[in-house]
Amino acid sequence: MIKTLKYTSMAMLCAVTTLCAQNTEQAFTFRPIKVEATDNGGLFTATVKVEDTNARFLIDTGCAYTLAYDTDFLKSMGKELTAQGRARGVGGDGKAFRAVIEKSTVGNVVEVGKQENARVLPVKHLEHLKTGGQPTEIRGLLGAPLMKKARGVFDYGNPRILVPTGNAPKGVYQMAMKQQGATVLPLMEGENSFPYIDLKIGDTTYAFLIDTGANAHVISTKLVEKLQLQTEDKDVAVRGMTKAQGVKVVRVKDSVMGKHFQLSELKLHVIDTQSLMKGPGGMEIGGIIGTGLLKQLKAQLDFDSYTLIVPKR
């Protein structure tokens, strides 16, 4: 079903038809891409047709590539792989390759043309994911650059990706939601289209990556030491490119996200992220905001306007 967004001539906007509209003169449509929730940690997948093969890709805004393809998946398709260094991620790294992909299509909505140097990397660290009690079989990652290219909105409240048609003005979705009483928090675009949000801890503001592929919040080791935060005694395991063992936990109280959204407490896992990312505008990287908080807030991540939308309760 195509969703319709209403727009008035006086620049007064209201949300998709499911939220109701009045006094409208012009309509804009959004095409939905169906997503599926995994049973583990609130992660989501979408169907990507890679040439003639349908596969499940993890929606991962911490991925620097439009689409990143699993090594074993492309081998099963008979693709020729060329070594290209190593892929780094939270918790470790792995061998990277490149390949030629003729065409990929996300949810029958967003088409990615021929990729001469498609990124290929192992996603075995995701083999524990299940959907409906069955192995999910993740075959790749759908990254932040694709979400920007599509001007997509990832909706945690009603899980789906909304893609505006070509006639929709830039930022129309977040303006519509704001009219409906939503809180709209500004994001910062970093390298590789990464979405960052500022998080104020104490008297200082840091850039945190909004990562839909992370099932835990992360704070950098450097920041924990700088702020002299107290770590909890227990150690936990966190899955990234590899499974990181013995990870410490801290709880940050009374932080402020996006300049004016107060969080009473945020549980974060202590991992070194400084070497993996460069902050937008020279800001210091604080860590990662994962899916837990986004799901709790029923947040909407809008790559058209680079905003994080928290709908009115």
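Residues numbered from 1 in each chain as written. Predicted model: local features only at pLDDT ≥ 70, side-chain atom pairs only at ≥ 80, totals over all residues. Heavy atoms only, no water.

**Observations concerning the environment of Thr-131**
In step 1: Within the secondary structure layout, Thr-131 lies in strand S12 (residues 130-131).
In step 2: For Thr-131 and Asp-39, which are 92 residues apart along the polypeptide, the C-alpha to C-alpha distance reads 5.3 Å.
In step 3: For Thr-131, the contacting residues outside a window of four places in its chain are Glu-36, Ala-37, Thr-38, Asp-39 and Thr-136.
In step 4: Separated by 2.9 Å, the side chains of Thr-131 and Thr-136 make a polar contact. (Helix = DSSP H or I, 4+ residues; strand = E, 2+ residues; numbered from the N terminus. Contact = heavy atoms within 4.5 Å. Polar contact = N/O pair within 3.5 Å; in protein donor to acceptor, adjacent residues only side chain to side chain.)

**Overview of the environment of Ala-216**
In step 1: Along the chain, Ala-216 turns up in the loop between strand S20 (204-210) and strand S21 (218-219).
In step 2: Classification of Ala-216 as buried rests on a relative accessible area of 12%.
In step 3: Residues Ala-216 and Thr-291, spaced 75 residues apart in sequence, show a C-alpha to C-alpha distance of 6.9 Å.
In step 4: Dropping the residues within four chain positions of it, Ala-216 is found in contact with His-269, Ile-288 and Gly-290. (Buried < 20%, exposed > 50% of the residue type's maximum accessible area, 1.4 Å probe, protein only.)

**Observations concerning the confidence of the model for the protein chain**
In step 1: Chain-level pLDDT for the protein chain is 85 on average; 83% of the residues reach the 70-or-more range.
In step 2: In the predicted structure, residues 1-25 sits below a pLDDT of 50 and forms 66 contacts with residues beyond four places in sequence or in another chain. (pLDDT = per-residue confidence, 0-100.)

**Looking at the pairing of strand S11 (residues 115-121)**
The two faces of the sheet receive side chains in turn, since in a regular strand these alternate between them.
In step 1: Among the 7 residues that make up S11, 5 are buried, leaving the element largely enclosed by the rest of the structure.
In step 2: Relative to S11, strand S6 (residues 67-70) is paired through 3 bridges, and the arrangement is parallel. Bridge pairing links Ala-68 to Arg-119 in S11. (Pairing = 2+ DSSP bridges.)

**Some words on the pairing of strand S5 (residues 53-59)**
In step 1: Summarising burial for S5: 5 of the 7 residues are buried, a large majority.
In step 2: Pairing between strand S4 (residues 44-50) and S5: 6 bridges, direction antiparallel. Considered in S5, the bridge of Lys-49 is made with Asn-54.
In step 3: Where S4 folds back onto S5 in an antiparallel hairpin, the turn is made up of 2 residues, including Glu-51, whose phi is positive at roughly 55 degrees.

**Re the pattern of salt bridges**
In step 1: Scanning the model with the defined rule gives 14 salt bridges in all.
In step 2: The partner of Glu-116 in a salt bridge is Lys-114, with the nearest N and O atoms 3.6 Å apart.
In step 3: For Glu-116, a relative accessible area of 48% gives the class partly exposed.
In step 4: Judged by its relative accessible area of 47%, Lys-114 is partly exposed.
In step 5: Residue Asp-304 pairs with Arg-151 through a salt bridge whose shortest N-O separation is 2.9 Å. (Salt bridge = Lys/Arg side-chain N within 4 Å of Asp/Glu carboxyl O.)

**Quick word on the environment of Val-224**
In step 1: Position of Val-224 among the secondary structure elements: in helix H4 (residues 221-227).
In step 2: Residues Val-224 and Val-250 lie 26 residues apart in sequence; the distance between their C-alpha atoms is 8.3 Å.
In step 3: With sequence-adjacent residues up to four places away left out, Val-224 is seen in contact with Ile-219, Leu-229, Thr-231, Val-250 and Val-270.

**Considering the nonpolar core**
In step 1: The biggest cluster of nonpolar side chains holds 70 residues, and the ones touching the most others in it are Leu-67, Phe-154, Ile-197, Phe-208, Ile-219, Met-257 and Leu-308.
In step 2: The residues contacting Ile-219, other than those within four sequence positions of it, are Ile-201, Phe-208, Val-224, Leu-229, Val-250, Leu-268, His-269, Val-270, Ile-271, Gly-286 and Gly-287.
In step 3: Listed in part, the 12 residues of the second largest apolar core include Leu-58, Cys-63, Leu-121 and Ile-138. (Core = buried A, V, L, I, M, F, W, Y, C linked by side-chain atoms within 4.5 Å.)

**Considering helix H3 (residues 172-179)**
In step 1: When we look at burial in H3, the residues that qualify are Val-172, Tyr-173, Gln-174, Ala-176 and Met-177.
In step 2: Downstream of H3 by a residue or two, Gly-181 has a phi angle that is positive, lying close to 95 degrees.

**What about the packing of aromatic side chains?**
In step 1: Applying the stated criterion across every chain yields a total of 6 aromatic pairs.
In step 2: Among the aromatic side chains, those forming a connected cluster through ring pairs are Phe-44, Phe-154 and Tyr-156. (Phe/Tyr/Trp six-rings, centres within 6.5 Å; stacked < 30°, edge-to-face > 60°.)

**Re unusual backbone geometry**
In step 1: Phi at Asn-192 is positive, roughly 60 degrees, even though this residue is not glycine.
In step 2: Note that Asn-192 resides in the loop between strand S18 (188-189) and strand S19 (195-201).
In step 3: Although it is not a glycine, Asp-254 sits at a positive phi angle of roughly 55 degrees.
In step 4: Following the sequence through the fold, Asp-254 ends up in strand S23 (residues 243-257).
In step 5: By relative accessible area, which is 51% here, Asp-254 ends up exposed.

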